[in-house]
Amino acid sequence: MRNFFYGWYFKCQSATQTLAVIPAVHKSEQKKFCSIQIITEHHSWKVDFPVAAFHRTGEDIRIGQNRFGKRGILLAIHTPELNINGKLHFGPIFPLKYDIMGPFSVLPFLECRHSVQSMRHFVQGRVYVNGQEYLFQDAFGYWEGDQGCSFPKEYVWTQCGFPDGSLMLSVADVPVAGFHFRGVIGVVLWKGREYRLATYLGARAVQAQNGKLRIVQGDLELEARLLEGVKRPLKAPANGDMTRTIHESAACQAFYRFRKGERIFFYFKTDRASFEYELSK
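Attention in this report is confined to the structure presented alongside it.

About the thresholds
- Residues numbered from 1 in each chain as written.
- Predicted model: local features only at pLDDT ≥ 70, side-chain atom pairs only at ≥ 80, totals over all residues.
- Heavy atoms only, no water.
- Pairing = 2+ DSSP bridges.
- Helix = DSSP H or I, 4+ residues; strand = E, 2+ residues; numbered from the N terminus.
- Core = buried A, V, L, I, M, F, W, Y, C linked by side-chain atoms within 4.5 Å.
- Buried < 20%, exposed > 50% of the residue type's maximum accessible area, 1.4 Å probe, protein only.
- Contact = heavy atoms within 4.5 Å.
- Polar contact = N/O pair within 3.5 Å; in protein donor to acceptor, adjacent residues only side chain to side chain.
- Salt bridge = Lys/Arg side-chain N within 4 Å of Asp/Glu carboxyl O.

## As for the pairing of strand E19 (residues 232-238)
Stage number 1. For E19 and strand E20 (residues 241-260), the ladder comprises 6 bridges, and the chain directions are antiparallel. Considered in E20, the bridge of Arg232 is made with Glu248.
Stage number 2. Remark: 2 residues form the turn of the hairpin made by E19 and E20, two consecutive strands paired antiparallel; Asn239 in that turn has positive phi of roughly 55 degrees.

And the structure:
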């Protein structure tokens, strides 16, 4: 692939603090480099590195002195704008039963392929971001990734951890061989059981506008509503280069409801949700 990107998204969250970290490598016709983005409730930063600083060994990524993998994260970045250092240890990860892309994982030429490495794991440790301590004790972690050439032109993504569970949901415009369709991928982890909602299983986005999502698949229904967000700018890939600006609320107010037939598994309002919203109204 002439232009490509490959990156992971780690979210670490306590009852009061949120830290998200995105290590990635990118290649466009103009250049090849890697980067680390840091997102908190109040700020976001992007630091570029030469491509020679990127190394992947099995299930681990290294960018300079920074380490990422299923055992945890080691951060050591020192620039005029960002001084961050610390170590976070992960408990056992909770992977999905099979690839979140399902049969679409074997389709060639998809512009973006999503992955979920862990729906939920414990996080222990501390990180200092420009002098502010982020302390995680028996905290919650989530880990996913993306690879391809570009993020979808339009999409919405949300993720939230909560007592007894975790969820992830994305609705995106998917171009394939000159055609476009609105694709759905989502997982609800509830009391140790995985419930999957996806286009390849018959899921439909019956509502996807103004920060509101409602997904129906047979007798399953997942509703997600962005109530109040504090958006932080992030860089996203466009033809392999990080030239697109998107916005994420790493910890915002949202409402979720999940039901099967007449049985409501849960419904709640939280200020610990994450949302990216890039859909036309």
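## Considerations on the nonpolar core
Stage number 1. Core analysis: the largest hydrophobic core is formed by 32 residues, its most contacted members being Leu19 and Phe68.
Stage number 2. Leave out the neighbours within four places in its chain, and Phe68 touches Trp8, Phe10, Val21, Pro23, Ile36, Glu59, Asp60, Ile61, Ile73 and Leu75.
Stage number 3. Formed by 28 residues, the second largest nonpolar core is a distinct cluster that contains Leu169, Ala208, Leu220 and Ala224.

## Points about unusual backbone geometry
Stage number 1. Its identity as a non-glycine residue notwithstanding, Asn130 has a phi of 50 degrees, on the positive side.
Stage number 2. Its location among the elements puts Asn130 in the loop between strand E10 (112-129) and strand E11 (132-148).
Stage number 3. Using a relative accessible area of 40% as the deciding quantity, one classes Asn130 as partly exposed.
Stage number 4. Unlike most non-glycine residues, Asp138 shows phi in positive territory, near 50 degrees.

## Thoughts on the side chain of Thr158
Stage number 1. Inspection of the secondary structure puts Thr158 in strand E12 (residues 155-162).
Stage number 2. Separated by 2.6 Å, the side chains of Thr158 and Tyr256 make a polar contact.
Stage number 3. Polar side-chain contacts of Thr158 include one of 2.8 Å to the backbone oxygen of Ser274.
Stage number 4. The residues contacting Thr158, other than those within four sequence positions of it, are Leu167, Met168, Leu169, Ala224, Tyr256, Ser274 and Phe275.

## Observations concerning the pattern of salt bridges
Stage number 1. Taken as a whole and assessed by the stated rule, the structure comprises 12 salt bridges.
Stage number 2. The salt bridge involving Lys46 is made with Asp48; its shortest N-O contact spans 2.5 Å.
Stage number 3. For Lys46, a relative accessible area of 30% puts it in the partly exposed group.
Stage number 4. By relative accessible area, Asp48 is classed as partly exposed at 43%.
Stage number 5. Ionic pairing is found between Glu223 and Arg225, a salt bridge with its closest N-O pair at 2.7 Å.
Stage number 6. On the basis of relative accessibility, which here comes to 13%, the residue Glu223 falls in the buried class.
Stage number 7. Here Arg225 falls in the partly exposed class, since its relative accessible area comes to 27%.

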